[in-house]
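Descriptive structure summary
Each chain, letter by letter, is given below.
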Amino acid sequence: MTEDDTQEPKTDGGGGTGIVAPDDETPTWRQRKERTQGLSRLTYEYFERARREDEDLRRESDYVERDVLAFPTWPHEIVRNLAITSFFVGMILFLSATLPPHIANPANTNVTPGIILPDWYLYWSFGLLKLGPLNPELSILGGAKLMSDRTYGVLANGVIVGFIAIVPFLNKGSARRPVEQPFWAAVGVAGVTFAFTISVLSVKNLMPMDVHLLFDLTFFAPFVTGCLTYAVLKTMREGYMYDLNRRYYRLRPPK
Amino acid sequence: MADEFVKGLGLFTGAGLGWLVLAGWYRTESFESPRQLIAAPPDPETLFDAIGIFLGDVFFWTALLGAFTFWLLVPAINQFASRGQSS
C-alpha cells in the first residue's frame with residue numbers, strides 16, 4: 001500500500017485509510033468485551049469480522065483502493081436484502097390475512113357509475129381540473145372570467161407538466177444529499193406534498209372535512225412542509241461533515 | 001438521540017399498524033365509505049369484539065403518546081438536564 005508518497009488528490013481525501021479504521025482505531029479488548037448481549041453482540045461481531053477481513057485485504061500488496069468503496073455482495077448485501085425482502089413479504093402476508101381487500105360486485109358495463117374517478121396515481125391531474133376557485137374574475141371584463149373553469153384546469157395541467165419537463169434540463173449541481181442544498185430540498189418536499197394534497201382535493205367529496213378548508217390546506221400544507229424542511233436542513237447543515245461525502249464524490253466546498 | 005428516535009418510531013409504526021388493523025375491523029363500515037377507520041365502533045357482541053375495540057384504542061394512544069414521549073418529551077428533558085448541568 002502506497003501512502004503519502006503521492007500528492008495526487010484522491011476521492012477519499014488521500015490521507016487516512018478510507019473505509020477501514022486505522023490500526024490505532026482498532027477496538028481494544030475491553031471495548032470488545034463490553035458488548036456481551038445477544039443481538040448487539042452479534043451485530044458487533046459481524047461488523048468486527050467485516051472490518052478485520054478488510055484490514056487483512058489491505059495488508060496484501062495487491063489490494064487497490066478503489067475510487068468508490070463498496071461492501072461485498074456476500075454476505076453484506078445478501079443478508080441485508082434478505083432482511084428487507086423478509087420484512088415486505090411478512091407485511092404483505094400480515095395485511096392480506098388481517099385486512100383482506102373487499103371484492104366488489106362485477107362492473108355493469110351498461111350503466112355509467114355515479115362517481116367517475118381515474119386511477120389513484122392520476123388523482124393529482126384530476127385535482128388540477130378542480131381549481132375553479134382560483135380562476136380570477138377580472139374586473140376589466142366586468143367581473144367575467146377570461147376562460148371557463150374547465151379550460152383553466154386543463155391549462156393548469158399544462159403548467160405543472162411543463163414545469164416537471166424542465167427539471168431534466170436544469171443543472172443538478174454537486175449536492176448529493178438534501179442537507180447540502182436546503183432550499184432545493186425544501187422545494188422538492190413542497191412539490192411532493194402538493195402532489196399529495198392536490199390528489200386529496202380531487203376526491204374532496206370523500207374527505208370527511210370542510211371542502212373550503214381542504215382547498216386552503218391544499219396550498220397551505222406544501223408551504224408549511226417546505227418551510228419546515230428548510231429550517232430542519234439548515235439547522236442540520238451546521239453539524240454536517242462535508243468530508244464524509246468527499247470519499248465518494250468530488251464536492252464543491254460550501255459557500 | 002438516535003436511540004430515542006428509533007424507540008419512538010418503533011412505537012409509532014408498530015402500534016399504528018395494530019390500530020390500523022383493528023380500526024379496519026371495527027371502525028370501518030365499508031371500504032367505499034368516506035368514513036373509514038374513524039367511524040364509531042359497534043356495540044361488542046362477543047368478548048373478542050370488546051377486547052378488539054379496547055385494544056384498538058390502546059394501540060392508537062400508544063402510537064401517539066409513544067412518539068410524543070420519545071421524540072419530544074425525553075429529548076426536551078435531556079436537553080433541560082444537560083443545560084442545568086453545564087451552567
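All residue numbers here refer to positions counted from 1 along the written sequence of the relevant chain. Written order determines the labels here, with chains lettered from A and ligands numbered from 1. Totals for whole chains, interfaces and linings use every residue, but because this is a predicted model, local features are given only for residues with pLDDT of at least 70 and side-chain atom pairs only at 80 or more, for both listing and counting.

An unreviewed UniProt entry annotates chain B as DUF7314 domain-containing protein originating from Candidatus Halobonum tyrrellensis G22.

Where we set the bar: UniProt positions are given in the numbering used here, feature names are shortened, and annotations may be inferred rather than shown by experiment.
Per an unreviewed UniProt entry, chain A is named Cytochrome b(C-terminal)/b6, and its organism is Candidatus Halobonum tyrrellensis G22. For chain A, the Subcellular location (unreviewed entry) comment in UniProt is given as "Membrane".

**Observations regarding the overall build of chain A**
Operational definition: Secondary structure follows DSSP: runs of H or I at least 4 residues long count as helices, runs of E at least 2 residues long count as strands, and numbering of each begins at the N terminus. Burial is judged by counting other C-beta atoms within 10 Å of a residue's own C-beta: 20 or more means buried, 12 or fewer means exposed, and anything between counts as partly exposed, with every C-beta placed from the backbone. By the convention adopted here, residues make contact when the C-beta atoms placed from their backbones lie within 7 Å.
Helix and strand counts for chain A come out as eight helices and two strands. Reading chain A from its N terminus to its C terminus gives the helix and strand order α-α-α-α-β-β-α-α-α-α. In chain A, which comprises 255 residues, the share counted as buried stands at 8%. A sequence separation of at least 24 residues applies to 68% of the contacts in chain A between residues at least 6 apart.

**Here we look at the UniProt feature "transmembrane region" (unreviewed entry) in chain A**
All names here are of chain A. The positions UniProt marks with the feature "transmembrane region" (unreviewed entry) are residues 78-99, 152-171, 183-201 and 213-233. Across residues 78-99, the secondary structure splits into 95% helix and 0% strand, with the terminal C-alpha atoms separated by 31 Å. Between the end C-alpha atoms of residues 183-201 there is a gap of 26 Å, over a span that is 100% helix and 0% strand.

**Details of the interface of chain B and chain A**
For clarity, the cut-off: The nonpolar class holds Ala, Val, Leu, Ile, Met, Phe, Trp, Tyr, Cys and Pro. Asp, Glu, Lys and Arg form the charged class, and all remaining residues, Gly among them, are polar.
Taken together, the contact between chain B and chain A spans six residues of the former and six residues of the latter. Residues that form the side of chain B that touches chain A fall into these classes: four nonpolar, one polar and one charged.

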